[in-house]
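Below, each chain spelled out in residue letters.
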Amino acid sequence: MIHVYHLKDFSQSVQTYLDKPGASFPDAFVKAATIQLLYHEKPADALNRAYRMTQNDDYPWTSKQSIVSTGESGRSTSVGDVIMVNDEAFRCMPRGWAKVEEVRKS
C-alpha cells in the first residue's frame, strides 16, 4: 500500500521540516490518502505516481475513484509532505525524494 501524509500546518515554513528530515514525522502530519500499490511497482515509481495522483488539476484529487481519501486534507501533495510505500517513508523534496530514516509507527 501507498500512504500519503500531509503537513498538519502548511502555513508554517516548509523549510523547518526540510532542515530536520524525519524529526517531525509522523507527529506533524495527517494521513491524507491511501493508494493501491501496483503489482511489481518499484518504490520510485510508486512515489511519483502517488504524487501525480494527489494533485488538484482539472478536478480535486479527492474525487478520483482510485484513491481512498481520509478527508483530513484535500490540498495537493507538496514539498515537505511524506509518502510511505510499504513500510518506508519518503519526504517530498524540491527535486525528488529523501528517505525518512526514523519512522515511528502510530
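Residues numbered from 1 in each chain as written. Predicted model: local features only at pLDDT ≥ 70, side-chain atom pairs only at ≥ 80, totals over all residues. Heavy atoms only, no water.

1. Some remarks on the confidence of the model for the protein chain
- For the protein chain, the average pLDDT comes to 85, and 83% of its residues sit at 70 or higher.
- Highest mean pLDDT in the protein chain belongs to helix H2 (residues 43–53) (96); lowest belongs to helix H1 (residues 14–19) (55). (pLDDT = per-residue confidence, 0-100. Helix = DSSP H or I, 4+ residues; strand = E, 2+ residues; numbered from the N terminus.)

2. Looking at the nonpolar core
- Ranked by size, the top nonpolar core spans 15 residues in total, and within it Ile2, Val4, Ile35, Ala50, Ile67, Ile83 and Val85 carry the most contacts.
- The set of elements that each furnish at least two residues to this core consists of strand E1 (2–7), strand E2 (29–35), H2 and strand E4 (82–85).
- At 4 residues, the largest contribution of residues to this core is made by H2.
- Excluding anything up to four places from it in sequence, Ile83 contacts Ile2, His3, Val4, Leu47, Ala50, Tyr51, Thr77, Glu88, Ala89, Phe90 and Trp97.
- In terms of nonpolar packing, the next biggest core, distinct from the first, is built from 9 residues, Ala28, Val82, Met84 and Ala89 among them. (Core = buried A, V, L, I, M, F, W, Y, C linked by side-chain atoms within 4.5 Å. Buried < 20%, exposed > 50% of the residue type's maximum accessible area, 1.4 Å probe, protein only. Contact = heavy atoms within 4.5 Å.)

3. Points about H2
- Listed in full, the buried residues belonging to H2 are Ala46, Leu47, Arg49, Ala50 and Met53.
- As for H2, its buried residues are in contact with E1, E2, strand E3 (67–69), E4, strand E5 (88–92) and strand E6 (97–100).

4. Brief notes about the pattern of salt bridges
- Taken as a whole and assessed by the stated rule, the structure comprises 4 salt bridges.
- When the shortest N-O distance is used, the salt bridge between Asp81 and Arg75 registers 2.7 Å.
- Its relative accessible area of 0% is what places Asp81 among the buried residues.
- Glu88 serves as the salt-bridge partner of Lys99, at 2.7 Å between the closest nitrogen and oxygen. Highlighted residues: Lys99 in strand E6 and Glu88 in strand E5, separated in sequence by 11 residues. (Salt bridge = Lys/Arg side-chain N within 4 Å of Asp/Glu carboxyl O.)

5. Quick notes on the environment of Thr34
- Within the secondary structure, Thr34 is located in strand E2.
- In this structure, the C-alpha to C-alpha distance between Thr34 and Met84, residues 50 residues apart in sequence, is 9.5 Å.
- Once residues within four sequence positions are removed from consideration, Thr34 is found in contact with Met1, Ile2, His3, Ile67 and Val68.
- Of the polar contacts made by the side chain of Thr34, one reaches the side chain of His3; its length is 3.4 Å. (Polar contact = N/O pair within 3.5 Å; in protein donor to acceptor, adjacent residues only side chain to side chain.)

6. Focus on the packing of aromatic side chains
- This structure, assessed with the given rule, holds 3 aromatic pairs.
- Taking 5.2 Å as the distance between ring centres and 70° as the angle between the ring planes, the aromatic pair formed by Phe25 and Phe29 counts as edge-to-face. Across the pair, exposure class does not vary: Phe25 and Phe29 are buried alike.
- Each ring, one from Tyr51 and one from Trp97, has its centre 6.3 Å from the other, and the planes form 80°; the classification is edge-to-face. Placement of Tyr51 in helix H2 and of Trp97 in strand E6 is noted, with a sequence separation of 46 residues between them.
- On the accessibility criterion, Tyr51 (29% relative accessible area) is partly exposed. (Phe/Tyr/Trp six-rings, centres within 6.5 Å; stacked < 30°, edge-to-face > 60°.)

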